[in-house]
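Descriptive structure summary
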Amino acid sequence: MTAPLPRATSGVMEGGTHVLPLRVYYEETDAGRMVYHAAYLKFAERARTEMMRVSGLDHMTMMEQDGLVFTVHSADVRYKQQAKLDDELIVETRVAGVGGASMEMEQRVSRLDDGARGPVIAELDLKLAVVDTAGRPVRLPRSLKNVLESLREDKG
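What you see as residue numbers is a count from 1 along each chain, following the sequence as written. This being a predicted model, a pLDDT of at least 70 is required before a residue's local features are given, and a value of 80 or more before pairs of side-chain atoms are given or counted; all residues contribute to the totals for chains, interfaces and linings. Based on all heavy atoms of the structure, the side-chain values leave hydrogens and waters out of the count.

**Some points on helix α1 (residues 39-54)**
Since there are 3.6 residues in each turn of an α-helix, residues three or four apart along the chain are aligned in direction. Heads up, the condition is: Numbering of helices and strands runs from the N terminus, with a helix taken as a DSSP run of H or I at least four residues long and a strand as a DSSP run of E at least two residues long. Take the residue count of a helix, subtract one, and multiply by 1.5 Å to get its expected span. The buried label applies to any residue whose accessible area, calculated with a 1.4 Å probe on protein chains only, is under 20% of its type's maximum; exposed applies above 50%, and partly exposed to all values in between.
Taking 1.5 Å as the rise per residue, α1 with 16 residues should run 22 Å; its terminal C-alpha atoms sit 23 Å apart, in good agreement. Where α1 is concerned, the buried positions are Ala39, Tyr40, Phe43, Ala44, Ala47, Arg48, Thr49, Glu50, Met51 and Met52. After α1 finishes, the residue Gly56 shows a positive phi value of roughly 85°.

**Describing the nonpolar core**
We apply this condition: Here, nonpolar core refers to any group of buried Ala, Val, Leu, Ile, Met, Phe, Trp, Tyr and Cys residues whose side-chain atoms link them within 4.5 Å. Should any heavy atoms of two residues lie within 4.5 Å, those residues are counted as being in contact.
The biggest cluster of nonpolar side chains holds 17 residues, and the ones touching the most others in it are Val35, Tyr40, Phe43, Ala83, Leu89 and Val109. Of all the elements in the fold, those that place two or more residues in this core are β2 (17-23), α1, β4 (88-98) and β6 (116-132). Of the residues forming this core, the biggest block, 5 residues, is contributed by α1. For Val35, the residues in contact, after removing those within four places along its chain, are Val24, Glu28, Thr29, Tyr40, Phe43, Gln82, Ala83 and Lys84.

**Describing the pattern of salt bridges**
What counts, and what does not: Salt bridge criterion: a side-chain nitrogen from Lys or Arg within 4 Å of a carboxyl oxygen from Asp or Glu.
Taken as a whole and assessed by the stated rule, the structure comprises 16 salt bridges. A salt bridge links Arg94 to Glu106; the nearest nitrogen and oxygen atoms lie 2.9 Å apart. In this pair, Arg94 is assigned in strand β4 and Glu106 in strand β5 (residues 102-113), connecting sequence segments 12 residues apart. Owing to a relative accessible area of 31%, Glu106 belongs among the partly exposed residues under this scheme. Salt bridges linked by common partners bring Asp76, Arg78, Lys80, Glu123 and Asp125 together as one network.

**Examining the pairing of β4**
For clarity, the threshold we go by: Whether two strands pair depends on DSSP finding at least two bridges between them.
Across the 11 residues that make up β4, a large majority, 9, are buried. Where β2 meets β4, 6 bridges bridge the pair, whose relative direction is antiparallel. Among the inter-strand pairings, Arg23 is bridged to a residue of β4, identified as Glu88. Of the pairings in the sheet, the one linking β4 to β5 comprises 9 bridges and is antiparallel in character. Considered in β5, the bridge of Val91 is made with Val109. Connecting β4 to the next strand, β5, in antiparallel fashion are 3 residues.

**A look at the sheet that holds strand β3 (residues 68-79)**
Where we set the bar: For every element, the axis is a line fit to its C-alpha atoms; helices are fit only across the contacting stretch, and the angle between N-to-C directions ranges from 0 to 180 degrees.
With respect to topology, 6 strands assemble into an open sheet ordered β1-β2-β4-β5-β6-β3, the strand pairing being antiparallel. The outermost strands of the open sheet, each flanked by one partner alone, are β1 (12-14) and β3. Taking the axes of each pair of neighbouring strands and ignoring which way they run, one obtains an average angle of 30° across the sheet. Looking at chain direction, β1 and β2 are connected through 3 bridges and run antiparallel.

The values reported here are purely geometric and, on their own, carry no functional implication.
Here you go:
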């Protein structure tokens, strides 16, 4: 009998914070093997997607069943240190606020040093808008808003 193949990680929830481990690959670096600044936005997007998935809110279902899409309205990124090729990183994501047709997220990218959280590499504050598949703003359905608010309230 063949062992099952490993699955892609979706990370874990630690209280109200989602934690996703990542490794820096060559394609995410510049000529100096340092992580290219735009790659942090990709890391953050991946982590937000996985946080939604582990919370039962995967993007495909929201698009197909509810006709909803989250889109980035604004992003504030503060770079603290450089990450480099082959670094292991941890992306922490938490819901900071939920509005009628938006949500605010806080994300932190840290280096993993000897199995523990190391220095913070980047901090991101994002505002996401909820739109329909045609790109028009829409209100969050109550069921979705309840899940997002429960993530925000779960701080322990």
